[in-house]
Amino acid sequence: MNAQMPPPLLTVRDLTRTYGSRIGCAEVSFDLYHGEVLGIVGESGSGKSTLLSCLAGHLPPDSGRVVWDGTTDVLALPEAARRRLMRTEWAFVHQNPRDGLRMGVTAGGNVGERLMGAGARHFGQIRAQATDWLERVEIDPDRIDDRPRAFSGGMQQRLQIARNLVTGPRLVFMDEPTGGLDVSVQARLLDLLRGLVRRMGLSVIIVTHDLAVVRLLADRLMVMKSGRVVEQGLTDQVLDDPQHAYTQLLVSSVLQV
Amino acid sequence: MTDAAFNFAYLDEQTKRMLRRAILKAVAVPGYQVPFASREMPMPYGWGTGGVQVTAACLVPEDVLKVIDQGADDTTNAVSIRKFFVKTAGVAVTEATADASIIQTRHRIPEHPLTEGQILVFQVPIPEPLRFLEPRETETRKMHELEEYGLMHVKLYEDIARHGAIATSYAYPVRVEGRYVMDPSPIPKFDNPKLDGNPALMLFGAGREQRIYALPPYTRAISLDFEDHPFRPTKADHACSLCGSATSYLDEVITDDRGGRMFVCSDTDFCRSRREAAE
Amino acid sequence: MPLAATPEPSAMIEVRALAKSFTLHTQGGTVLSVMQDAQLRVAPGECVGLTGASGAGKSTLMRMIWGNYLASCGSIRVGTVDVARADPRAILALRRSTLGYVSQFLRVVPRVPTLDVVAEPLLTLGRPEEFARAAAAALLSRLNIPERLWQLSPTTFSGGEQQRVNIARGFIHPWPALLLDEPTASLDAGNREIVLTLIEEAKRMGQAILGIFHDAAARTRVCDRLVDVTAFTPGIAA
């Protein structure tokens, strides 16, 4: 009675990256399926950012395998194909919008860049799509010709999300997307992300040290310490009934969420 | 100066060899920016040091040289570069486009159609067309390598968003043979159509940035645009006040301090020959 | 198999030989055994009440069925899924379509309007937004949450209001299996009556319900059977 299960969107096996003798991340394995949100938590230096960089293709791992969509060996791809994958099917949302936006380019240009990179050559259509995306991330379309410098931190982050999602990627990497934002602005962003994940069927890998964020956003959780995954499972199970000593410490160290 | 014991045209043997290799490579890979070891020239950067090195590397004693700046043969920059080569190479010089075998230019392509066998050398301040939006050289090289040229259109998008039309009026980027995107140096976009399929060899030298690139004869060079905002070469909507040409590129000249102005051909040779023919 | 035997209706929720212990690494690795040999069945259309003193493990058992507490051994079948062994994805799928839970806590993204909080389970199931919002509005009306509050986040609401938002969320979809943790605890008589009626309707629709009710009258009214979890408490039962 079981329907044929589609293969995982992303399969990661034994991914390792060292910095000299120091471990960045070691022997990380997991599967990510369509529509799933995977949270990666851990303290600073736990290797979660290194892992994210290796997964997103910003940093070459020393060893391991990353398979996209059941067949594509990401680490063996020629660079051109890998970069094409990164700007069409994948997206990366940086903690600091300055790293993910072109601050000297208008909001419309920022959103349109990925479309033009994918070959769009009709100004009117590019602009219409940019307008639509500004609305979707709750930015007044009247601001389409303003530069992100004139935007608040929360708006910049929403613009970065629009810029990333305009080409309809299937996998989004997020590095502390709510870091540095006011609590009320964080909430708005979380709500927005949840809606986008549901409506677009996005798969997301989100790195954060904020357990409240993963509680509300992530389906599954991986806990990292010293470069290794010490525990993974259903988000509320890991937070409510942590098994590993480190996770218990982590959960008991924060205010009740 | 032209004693056989010495190299012809200012440069020492090794420099000339290095430059010619770079030029050959540039011709072999149209639109690709070839790095070269730019030398100190006896003039400041921004005064055509790149162009002078390319011209010096190409010159042979039989050449007839023309030098223009903004289309004019008689401006300071043009005059001093022409004098430099008269002194160091002893070549013949001319102001007539049709008589020149090598033309060094800043900011214009002559109006008189170029022919096979002619070489046009451009002085280039910033060879990298992507620099406007991407300051990292490592990244722009990668973008050229992988033909990731979406950013070029972001620049044009920004123009239309802000000005309602593509406001870039000079240094308008072209795609060369469907491969490299190239900055044609700060020529007016009016001149861009002349880049495409031109019978002459076009060489571009950037001294400070240490890059040489080329458009070999009859190379395709298409100006970037949008389907709904096609490329349009533009010029001032006047005829030349001196020769009456309605088709040549015009400079606006202020004639007094009461708002008086006139439009004249920027190409002085073209304008003069039309006036002479009319007489 | 004797033909005469009346086949027991197959249970929607079936717990067998379930045990739970906590290892407290932050306290020197103390192992706390809190449950052993728990047995339980809930058939479709049936409401089973968990009883036992505070701390006897009613909520623990419920959380293990929900899947946010890991079972140490034993099985927890909900529909066709053994929650004690299923991978996270199977449990998530179960929670989307089969297993509902009204907990005592309302955990929502701040700022999200109450109407959307209640509609969310239907949206996750892929129902059209119009339909989901209409269903949410109907339930909120029925539970006496004034319409002027629907566009506000429930995080600012009183305890009783939050409780009713939670209940609305739990009843918006007819989950074949439904867990209720003190659904009437902080409600006034009128709203308590409405919730009990909702439970009765759910039973008639064939939902299998497992609940914790401190309110004895409510328990008597909606529960078909009671299970005393004290029987599963190590040290007492042994």
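If you're wondering where the values come from, they're calculated on a predicted model, not measured in any experiment. The residue count restarts for each chain, going from 1 along the sequence in the order it is written. Written order determines the labels here, with chains lettered from A and ligands numbered from 1. Thresholds applied to this predicted model are a pLDDT of at least 70 for local features of residues and 80 or more for the giving and counting of side-chain atom pairs; totals over whole chains, interfaces and linings are not thresholded and use all residues. For side-chain calculations, the full set of non-hydrogen atoms in the structure is used, while hydrogens and water are omitted.

1. Considerations on the nonpolar core
Residues and elements named next belong to chain C. Here, nonpolar core means buried Ala, Val, Leu, Ile, Met, Phe, Trp, Tyr and Cys residues that are tied together by side-chain atoms lying within 4.5 Å of each other. To sort residues, take the accessible area from a 1.4 Å probe on protein chains only and compare it with the maximum for the residue type: under 20% means buried, over 50% means exposed, and anything in between is partly exposed. Grouped together as the largest cluster of nonpolar side chains are 111 residues, with contacts concentrated most on Phe171 and Ile199. Residue contacts follow a heavy-atom distance rule, with two residues in contact if any of their heavy atoms lie within 4.5 Å. Contacts of Ile199, omitting those with residues within four sequence positions, involve Phe171, Leu180, Pro183, Ile209, Phe213 and Val222. Counting 36 residues, the second-largest nonpolar core is a separate cluster that includes Leu40, Leu50, Val81 and Leu94.

2. Section: empty space enclosed by the protein
Residue and element names in this part refer to chain B. Grid points spaced at 1 Å and placed over the protein atoms alone form the basis of the search, with a cavity being a set where a 1.4 Å probe fits but cannot get out and a pocket an open set showing protein on both sides within 12 Å along at least five of seven lines. Lining residues have an atom within 4 Å of a point. Grid points are joined across faces, edges and corners, and a volume is the space filled by probe spheres set on the points. Taken as a whole and assessed by the stated rule, the structure comprises one cavity of 30 Å³ or more. Volume-wise, the largest cavity comes out at about 30 Å³. Lining the largest cavity we find Pro129, Leu130, Phe132, Leu133, Leu151, Met152 and Lys155. Ten residue types, Ala, Val, Leu, Ile, Met, Phe, Trp, Tyr, Cys and Pro, are classed as nonpolar, four, Asp, Glu, Lys and Arg, as charged, and the remainder, Gly among them, as polar. Looking at the lining of the largest cavity, its residues break down into six nonpolar, no polar and one charged.

3. Remarks on the interface of chain A and chain B
Each partner contributes residues to the interface: chain A has 22 residues there, and chain B has 22 residues. For any pair of parts, buried area is found by adding up, for both, the accessible area (1.4 Å probe) each one loses once the two are put together. Buried surface at the junction of chain A and chain B, both sides included, amounts to about 1,900 Å², of which 57% is carbon and sulfur. If you sort the residues of chain A by the area they bury against chain B, Arg83, Arg121 and Phe123 of chain A come out on top, with a joint share of 36%. Every case where a carboxyl oxygen of Asp or Glu lies within 4 Å of a side-chain nitrogen of Lys or Arg is listed as a salt bridge. Our count for the contact surface shared by chain A and chain B stands at five salt bridges. As a salt-bridge pair, Glu148 of chain B and Arg87 of chain A come within 2.8 Å of each other at their nearest N and O atoms. Numbering of helices and strands runs from the N terminus; a helix is a DSSP stretch of H or I covering at least four residues, while a strand is a stretch of E covering at least two. Sorting the residues of the side of chain A that touches chain B by element identifies α2 (79-88), α4 (107-117) and α5 (123-136) of chain A as the ones contributing at least two each. Here the side of chain A that touches chain B gets five residues from one element, more than from any other, and that element is α4 of chain A. Of the residues contributing to the side of chain A that touches chain B, the split by class is six nonpolar, seven polar and nine charged.

4. Describing the pairing of strand β4 (residues 102-106) of chain B
Residues and elements named next belong to chain B. Most of β4 sits out of view: four of its five residues are buried. In this scheme, strands are said to pair when DSSP sees at least two bridges between them. Pairing of strand β2 (residues 64-69) with β4 involves five bridges; the strand directions are parallel. Bridge pairing in β4 places Val67 opposite Gln104. Pairing geometry for β4 and strand β5 (residues 119-123), over four bridges, is parallel. Residue Ile102 lies in a different strand from β5, and its bridge partner there is Ile119.

5. Quick word on the pattern of salt bridges
Tallied over the entire structure, the rule returns 58 salt bridges over all chains. A salt bridge links Glu134 of chain B to Arg102 of chain A, with the shortest nitrogen-to-oxygen separation between them at 3.6 Å. You can see Glu134 of chain B sitting in the loop between β5 and α4 (137-145) and its partner Arg102 of chain A sitting in the loop between α3 (97-100) and α4, one on each of two chains. Classification of Arg102 of chain A by relative accessible area gives buried; the value is 16%. For Arg111 of chain C, the salt bridge identified is with Asp191 of chain A, shortest N-O distance 3.2 Å. One end of the pair, Arg111 of chain C, is in the loop between β6 (99-102) and α3 (114-124); the other, Asp191 of chain A, is in helix α7 (residues 183-200), on a second chain. Among the ionic contacts, a cluster of salt bridges with common partners joins Arg102, Glu113 and Arg163 of chain A together with Glu134 and Arg136 of chain B.

6. A look at unusual backbone geometry
Of note, the phi angle at Tyr218 of chain B is positive, near 60 degrees, even though the residue is not glycine. Relative to the assigned elements, Tyr218 of chain B resides in the loop between β9 (211-215) and β10 (221-223). By relative accessible area, Tyr218 of chain B is classed as partly exposed at 47%. Residues other than glycine seldom take positive phi values, yet Asp37 of chain C does so here, at roughly 50 degrees. Turning to its location among the elements, Asp37 of chain C is positioned in strand β2 (residues 30-42).

7. Thoughts on the sheet that holds strand β9 (residues 225-228) of chain C
All names here are of chain C. The five strands are arranged β6-β7-β8-β3-β9 in an open sheet whose pairing can be described as parallel. The open sheet is flanked by β6 and β9, the only strands paired with a single partner. Going from strand to strand, the sheet's axes swing by 20 degrees on average, the running direction of each strand aside. To define axes, lines are fitted to C-alpha atoms, for helices over the stretch in contact only, and angles between the resulting N-to-C directions are given on a 0 to 180 degree scale.

8. What to know about the packing of aromatic side chains
Aromatic ring pairs are reported here in terms of the distance separating the ring centres and the angle at which the planes meet. Centres within 6.5 Å make a pair out of two Phe, Tyr or Trp rings, where for Trp the six-membered ring is used; the pair is then stacked when the planes are under 30 degrees apart, edge-to-face when over 60, and tilted otherwise. Tallied over the entire structure, the rule returns 14 aromatic pairs over all chains. A ring pair is formed by Phe123 of chain A and Phe226 of chain B, whose centres lie 5.9 Å apart and whose planes are at 70 degrees; its orientation type is edge-to-face. Separated into two different chains, Phe123 of chain A in helix α5 and Phe226 of chain B in the loop between β10 and β11 (250-254) make up a pair that spans both. Pair check on accessibility: Phe123 of chain A and Phe226 of chain B agree, each one buried. Ring geometry for Tyr10 of chain B versus Phe84 of chain B: centroids 5.0 Å apart, planes at 65 degrees, classification edge-to-face. With a gap of 74 residues between them, Tyr10 of chain B in the segment before α1 (13-28) and Phe84 of chain B in helix α3 (residues 76-88) connect regions that are remote in the sequence. A residue is classified by how much of its surface remains accessible, and Tyr10 of chain B, at 39% relative accessible area, is partly exposed. Residue classification places Phe84 of chain B among the buried positions, given a relative accessible area of 13%.

9. Describing the sheet that holds β2 of chain B
Picture the strands of a sheet paired through backbone hydrogen bonds; they go either parallel or antiparallel. Residues and elements named next belong to chain B. The strand order across the open sheet formed by seven strands is β1-β9-β8-β5-β4-β2-β3, and the pairing between neighbours is mixed. Edge strands, defined here as strands with exactly one partner in the open sheet, are β1 (34-35) and β3 (92-93). By the bridge criterion, five bridges tie strand β8 (residues 201-206) to β9 in an arrangement that is antiparallel. Directly across from Ala206, in β9, lies its bridge partner Arg211. Taken strand by strand, α1 contacts β1, β8 and β9, and its axis lies near 45 degrees from that of β9. Set on the sheet, α3 makes contact with β2, β3, β4 and β5; between it and β2 the angle comes to about 160 degrees.

10. What about the interface of chain C and chain A?
Quoted interface sizes are often the accessible area lost when the parts come together. In this complex, chain C contributes 27 residues to the contact, which on the side of chain A involves 30 residues. Between chain C and chain A, the buried area comes to about 2,400 Å², and carbon and sulfur atoms account for 56% of it. For the chain C face of the interface with chain A, the top three residues by lost area are Arg89, Arg107 and Arg111 of chain C, together amounting to 27%. Joining chain C to chain A, the criterion identifies six salt bridges.

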